[in-house]
Amino acid sequence: MNGLYHLAEIPTPIVERLVARALELRLGAPAKRFPGRALGLLFFNPSLRTQASFQRAGGKMGLDLVQLSGGAGGVWGIETREGVVMDSTNAEHVREAAGVLGRFVDILAVRAFAQGLDIDVDRADPLLNGFRRYAGVPVINMESVLYHPCQALADWTTMNQLEIPRKAKFVLTWAWHPKSLPLAVPHSTLTMAAQRGMEVVVHRPKGFDLLPSVMEDVERLAAASGGSITVSDKLDSLHGADVVYAKSWGSLDYYGKPVAEAQNRAPLRSWQVTRKWMEAAGPRARFFHCLPVRRNVVVADEVIDSSASSVLEQAENRLHAQIAVLESILESRKAK
Ligand code: CP
């Protein structure tokens, strides 16, 4: 592997090998060690699981860690546009920032969310793609505007761990949240489930469709894997689900207009995963969420605290899946 931006760019047999390796690690196999190699972790946005799991992975693998963050007291503001006169707030161009970090580390992992002002700017994933273009070393996406592949790989691992069949029913359900949340997790969750060959349902209110270009990818992946994808706003679409994966995201119809977006979302507060929703799904249904989650907003205590909840397994599998990715990248580089 030469980096990880979007899980769907990795051929399915390789994804399956990563998942199998993650499960070996989970069962206690030692991580391969690469002393003297370095992993850069650059966070422009907050994180608990991703930071902790990559730091722990680096320690288990004998890697030097170079940890940096954006914002006040962190790295300089980074410009991504080409050919601009840099007389505004950003002090450094991604060409130099990425090129410099690529001189210090063997792998660079970056988290960079959307600016949230203009979808046509954000959909190009400018920071992540700037680092990919100019770092000169493999880049791992730790959540960008469009994708969160490390979460998706951990979720696939969790489904295999729980022996959820490939053809099982996977429902991604929208839930209300006080803020307009990013699209990366729902995009990666859907592409992962489609690539795995599942019967995928998106349960969302009208007006909360995901990016059409991503949905086209999901349809292509589902067709190739023997899976399917449907979209519904009806609660009975949860019926027979093996996985109920909750996530909130903002409406593309109001992108960059937070006040109007919040007004549009306000009547949807009842969209919460409650016991009634899990009963509508049926007895096989497991509850998934990537975390962090707002209790009794996105999911009721009675669901997240129940034996149907897999959220801590998903979080633990972040560590194992990321070690599998780091091993694969470092092994490929050693072979050159
Ligand atoms: N799921 C996830 O990426 O968690 P963090 O944002 O805390 O890293």
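Please read these numbers as outputs of a predicted model, since none were measured by experiment.

### Considering the sheet that holds strand β1 (residues 38–43)
- In spatial order, the strands read β2-β1-β5-β6; together these four strands make up an open sheet with parallel pairing. The outermost strands of the open sheet, each flanked by one partner alone, are β2 (64–69) and β6 (139–141). Averaged over neighbouring strand pairs, the angle between their axes works out to 20° when direction is ignored.
- Across the sheet, helix α2 (residues 49–60) is in contact with β1, β2, β5 (107–111) and β6; its angle to β1 comes to roughly 170°.

### Topic: the domain arrangement of the protein chain
- Under the domain assignment used here, the protein chain contains domain 1 (7–147 + 318–335) and domain 2 (163–309).
- The gap between the C-alpha centroids of domain 1 and domain 2 is 26 Å.
- In this assembly, 20 residues from domain 1 lie in contact with 19 residues from domain 2.
- If you sort the residues of domain 1 by the area they bury against domain 2, R49, I119 and Y147 come out on top, with a joint share of 34%.
- Scanning the region where domain 1 abuts domain 2 turns up one salt bridge.
- Between E16 and R166 there is a salt bridge whose closest N-O contact spans 2.2 Å.

### Comments concerning the site of the ligand
- Near the ligand you find S47, L48, R49, T50, R111, H148, Q151, C290, L291 and R318, and these make up its full shell.
- Between the ligand and the protein, one listed contact pairs an oxygen atom with a side-chain N or O atom of S47 at 2.7 Å.
- Take C290: an N or O atom from its main chain is 3.0 Å from a nitrogen atom of the ligand.
- Taken together, the residues of the shell around the ligand break down into three nonpolar, four polar and three charged.

### Some details on helix α5 (residues 126–134)
- Inspection of α5 places L127, L128, N129, G130 and F131 among the buried residues, and these make up the whole buried set.
- Elements in contact with the buried residues of α5: β1, β3 (78–79), α3 (94–104), β5 and β6.
- Trailing α5 by a residue or two, G136 shows a phi angle of about 75°, which is positive.

### Some thoughts on the nonpolar core
- Within the largest apolar cluster, 113 residues are counted, with the highest numbers of intra-cluster contacts made by L108, F131, I140, F170, L190 and F287.
- In terms of residue count, the dominant contributor to this core is helix α12 (residues 311–335) (nine residues).
- Not counting the four nearest positions on each side in its chain, L190 is found in contact with L172, V200, V202, L210, M215, V218 and I229.

### Points about the packing of helix α1 (residues 12–26) against helix α6 (residues 149–161)
- Where α1 contacts α6, the two axes come as close as 9 Å, and the packing angle between them is 65°. As far as their axial angle goes, α6 and α1 are roughly perpendicular. As α1 packs across α6, the resulting crossing turns out to be right-handed. Together, T12, V15, E16, L18, V19, A22, L23 and R26 of α1 and L153, W156, T157, N160 and Q161 of α6 make up the contact between the two elements.
- Here the contact of α1 with α6 is composed, by residue class, of seven nonpolar, four polar and two charged.

### A few points about the side chain of E143
- Turning to its location among the elements, E143 is positioned in the loop between β6 and α6.
- Taking the relative accessible area as the measure of exposure, E143 reaches 8% and is therefore buried.
- In terms of polar contacts, E143 uses its side chain to reach the side chain of R111, at 3.5 Å.
- Not counting chain neighbours up to four residues away, the residues in contact with E143 comprise V110, R111, A112, F113, H148, P182, A184 and V185.

Conventions we followed
Residues numbered from 1 in each chain as written. Predicted model: local features only at pLDDT ≥ 70, side-chain atom pairs only at ≥ 80, totals over all residues. Heavy atoms only, no water. Pairing = 2+ DSSP bridges. Helix = DSSP H or I, 4+ residues; strand = E, 2+ residues; numbered from the N terminus. Axes fitted to C-alpha atoms, helices over the stretch in contact; angles between N-to-C directions. Contact = heavy atoms within 4.5 Å. Domains from an automatic or database assignment. Buried area = accessible area lost by both parts, 1.4 Å probe. Salt bridge = Lys/Arg side-chain N within 4 Å of Asp/Glu carboxyl O. Near = heavy atom within 4 Å. Polar contact = N/O pair within 3.5 Å; in protein donor to acceptor, adjacent residues only side chain to side chain. Nonpolar A, V, L, I, M, F, W, Y, C, P; charged D, E, K, R; others polar. Buried < 20%, exposed > 50% of the residue type's maximum accessible area, 1.4 Å probe, protein only. Core = buried A, V, L, I, M, F, W, Y, C linked by side-chain atoms within 4.5 Å. Parallel < 35°, antiparallel > 145°, perpendicular 65-115°, else oblique. Left-handed = near helix turned anticlockwise from the far one by under 90°.

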